[in-house]
Amino acid sequence: MKTIADAAIVGAGIAGLAAARRLQQQGLQVVLCEKSRGVGGRVATSRVEGCLADHGAQNIKPANSALEQMMLQELDTTDLLKIEQPVLLYAENGALLPPDPDHEAQPRYTYGRGIVSLPKLAAAQLSPAHTTLQLQTRIHRLKDAHESVQLLTDTGEVAADARVVILTAPLPQTAVLLAESIPLLNTPALPLLDRVRILRTVEYTQCLSVMLGYYTAPAAPAYALLAENRSADLLWLAFEHVKSPLRAPGLQALLIAQMGHRFSQYCYEEEDAMIAGRTLAEIEKLFGTAFSQPAWVQVKKWRYAQPVGKADFMQANDSEIAPRILVAGDGLRPERGRIHQAWQSGLDAAEEALKRL
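First, a word on scope: everything that follows refers to the structure included in this document. By convention here, each chain's residues receive numbers from 1 onward along its written sequence. Selection of residues for local features in this predicted model requires a pLDDT of at least 70, selection of side-chain atom pairs for listing and counting requires 80 or more, and totals for whole chains, interfaces and linings are taken over all residues. Each side-chain value is worked out from all heavy atoms of the structure, with water and hydrogens disregarded.

### A few points about the packing of aromatic side chains
Note on aromatic pairs: the rings of Phe, Tyr and Trp (six-membered ring only in Trp) are paired at centre separations within 6.5 Å, and the planes decide the class, stacked below 30 degrees, edge-to-face beyond 60, tilted for the rest. Within the structure shown, the criterion is met by 6 aromatic pairs. Each ring, one from Tyr223 and one from Trp236, has its centre 5.9 Å from the other, and the planes form 75 degrees; the classification is edge-to-face. On the criterion of sequence distance, the pair formed by Tyr223 in the loop between strand E13 (203-214) and strand E14 (224-227) and Trp236 in strand E15 (residues 234-239) is long-range, its members being 13 residues apart. Its relative accessible area of 0% is what places Tyr223 among the buried residues. Relative accessible area serves as the criterion here: at 12%, Trp236 is assigned to the buried category. Judged by centre distance (6.2 Å) and plane angle (85 degrees), the ring pair of Phe239 and Phe287 falls under edge-to-face. Remark: Phe287 occurs in helix H8 (residues 272-287) and Phe239 occurs in strand E15; sequence separation between them is 48 residues. On the basis of relative accessible area, Phe239 is assigned to the buried category, the value being 1%. Helix numbers and strand numbers start at the N terminus; a helix is a DSSP run of H or I with at least 4 residues, a strand a run of E with at least 2. Residue exposure (1.4 Å probe, protein chains only): buried if accessible area is under 20% of the type maximum, exposed if over 50%, otherwise partly exposed.

Below you can see the structure in the form of structure tokens.
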């Protein structure tokens, strides 16, 4: 006899973990499917040449949210760090400007061993008795099975079978999954296409994230620099070694350069060496040749970095159209791309799922 879970979740990023945790707390059986080898999505840390670099989300600003309560009261805080150094703005002429006092008033956190510690700690609280985590499981289609929805792999294998499904991938990817599943879902095509259209109204910026390690380097002027002009080629430059001495053993500096959407979109398909050269040219505009000779460089690419705008949660989750399928993610919340907003979206979807079970 096949086992039907209460809920299946596609994506073990922050939204997916939040939804799984909430449903587990209600005693439900959950299957969590993730296409990659680990949890966290864009809350990611790379190990490069013995260093730890946050190549996706740069810090956690939970802003009195449900995420902050969990971080401070329910997760292990041994490795949790508050970033005390400021983020300075920089002008188009390269001048460093004072920090924004409103932004600096909000606590900014990280973990000594990488920001990925947050999703790892959250995942560690998922009980195997209630939640099954399936890594390296890519879902290609959803299929109606009368009393449940089946999650199918590219070979047609049933990865999960559940009474309700929560999709947490970036909204463009979720839109594709829904659209391609229409022939297999027992629901009128046109209303479901309306849900797909709503999801497709949210576009995402692309981001090239460039990690640079230095054996010799000048002192860091701040924790990070943010371009005053948000369309600048070099949008964000973080001095990663300022976060924690654990980040860059044996180095004097570890930098994370995150390039703006226009630059990233134009250069996305270029070779890493070309991207690195262009990035160093932008850094040189700020510091001259001080950071022109890194010991090593590594490039990471984010096709879906941050949502532009947002879709309405209830419109995206119309209870009259395929009510067993729900959508979550930071594209359904304000303050685009914020970790605490993605977490809240997962909680929102879990609460809606509870109503429909």
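What follows continues from the structure just given.
### Considerations on the pattern of salt bridges
Salt bridge, as applied in this entry: a Lys or Arg side-chain nitrogen positioned within 4 Å of an Asp or Glu carboxyl oxygen. For the structure shown, the criterion picks out 18 salt bridges. A salt bridge links Asp54 to Lys243; its shortest N-O distance comes to 2.8 Å. Taken together, the residues Asp54 in the loop between strand E4 (51-53) and helix H2 (66-73) and Lys243 in the loop between E15 and strand E16 (253-259) connect sequence positions 189 residues apart. Looking at Asp54, the relative accessible area reads 0%, which means it is buried. The class for Lys243 is buried, based on a relative accessible area of 8%. Linking Arg356 and Glu352 is a salt bridge whose minimum nitrogen-to-oxygen distance equals 3.1 Å. Of this pair, Arg356 and Glu352 both sit in helix H10 (residues 339-356), 4 residues apart, which is roughly one turn of the helix.

### Examining the nonpolar core
Nonpolar cores were defined as sets of buried Ala, Val, Leu, Ile, Met, Phe, Trp, Tyr and Cys residues, with membership established by side-chain atoms within 4.5 Å. In terms of nonpolar packing, the biggest core is built from 74 residues, with Leu118 and Leu142 touching the most fellow members. The contact rule is simple, with two residues in contact once any of their heavy atoms fall within 4.5 Å. Discounting residues that sit within four places of it in the chain, Leu118 has contacts with Ile14, Ile60, Leu67, Met70, Met71, Leu75, Tyr111 and Ile339. Core analysis: the second largest hydrophobic core is formed by 27 residues, Leu208, Ala227, Tyr268 and Ile283 among them.

### Some points on the sheet that holds strand E17 (residues 296-308)
Taken together, 7 strands build an open sheet; the order of strands is E7-E6-E14-E15-E16-E13-E17 and the sheet is mixed. Single-partner strands in this sheet number two, and they are strand E7 (96-97) and E17. Across 6 bridges, the pairing between E13 and E16 is antiparallel. By the bridge assignment, Tyr214 is partnered in E16 with Ala253. Contacting strand E6 (87-90), E13, E14, E15, E16 and E17, H8 crosses the sheet at an angle of about 80 degrees to E15. A pair of strands counts as paired when DSSP detects no fewer than two bridges linking them. Axis definition: a line fitted to C-alpha atoms, over the contacting stretch in the case of helices. Angles run 0 to 180 degrees between N-to-C directions.

### Observations regarding H10
Taking 1.5 Å of rise per residue, the 18 residues of H10 would be expected to cover 26 Å, and the 26 Å separating its terminal C-alpha atoms lies within 8% of that figure. Looking at H10, one finds that the buried residues are Ile339, His340, Gln341, Ala342, Trp343, Ser345, Gly346, Leu347, Ala349, Ala350, Glu352 and Ala353. On its buried face, H10 sits against helix H1 (14-25), H2, helix H4 (117-124), strand E12 (158-167), helix H9 (313-316) and strand E18 (325-327). Every helix has an expected span of 1.5 Å times one less than the residues it contains.

### Regarding the pairing of E12
A regular strand places its side chains on the two faces of the sheet in alternate fashion. Most of E12 sits inside the fold, with 8 of its 10 residues counted as buried. As judged from the 5 bridges shared by strand E1 (residues 5-10) and E12, these two strands associate in the parallel manner. If you follow Ala8 over to E12, its bridge partner there is Val165. Relative to E18, E12 runs parallel, the two being bridged by 3 bridges. From the neighbouring strand, Leu167 faces E18, where its bridge partner is Val327.

### Some words on the side chain of Asn317
One can find Asn317 in the loop between H9 and E18. If we skip the residues at most four places from it in the chain, Asn317 touches Arg195, Ile325, Leu326, Val327, Leu332 and Arg356.

### A short note on the packing of H1 against H10
Any two packed helices are characterised by the angle at which their axes cross and by the distance between the axes. One way to put it is that H1 packs onto H10 with a least axis distance of 7 Å and a crossing angle of 40 degrees. By the angle between their axes, H1 is oblique relative to H10. Both H1 and H10 take part in a crossing whose hand is right-handed. On H10, the residues that touch Ile14, Ala15, Leu17, Ala18, Ala19, Arg21, Arg22 and Leu23 of H1 are Ile339, Ala342, Trp343, Gly346, Leu347, Ala350, Glu351, Ala353 and Leu354. Ten residue types, Ala, Val, Leu, Ile, Met, Phe, Trp, Tyr, Cys and Pro, are classed as nonpolar, four, Asp, Glu, Lys and Arg, as charged, and the remainder, Gly among them, as polar. Its residues assigned to classes, the contact of H1 with H10 shows 13 nonpolar, 1 polar and 3 charged. Angles are sorted into four bins: roughly parallel if under 35 degrees, roughly antiparallel if over 145, roughly perpendicular if 65 to 115, and oblique for all others. When the near helix sits turned anticlockwise from the far one by under a right angle, the crossing is termed left-handed; a clockwise turn instead gives a right-handed crossing.

### Quick look at helix H5 (residues 171-181)
For the α-helix, the turn length of 3.6 residues means that residues three or four positions removed from each other point alike. Where H5 is concerned, the buried positions are Leu171, Pro172, Thr174, Ala175, Leu177, Leu178 and Ser181. Buried residues in H5 make contact with strand E10 (141-144), E12, helix H6 (189-200), E13, E17 and E18.

### A word on unusual backbone geometry
One non-glycine residue, Glu49, lies in the positive phi region at around 50 degrees. As for its position among the elements, Glu49 is in the loop between strand E3 (46-48) and E4. Given a relative accessible area of 60%, Glu49 falls into the exposed group. With a phi angle near 55 degrees, Asn64 is a residue other than glycine that sits in the positive phi range. Take Asn64: it is sitting in the loop between E4 and H2. On the basis of relative accessible area, Asn64 is assigned to the exposed category, the value being 74%.

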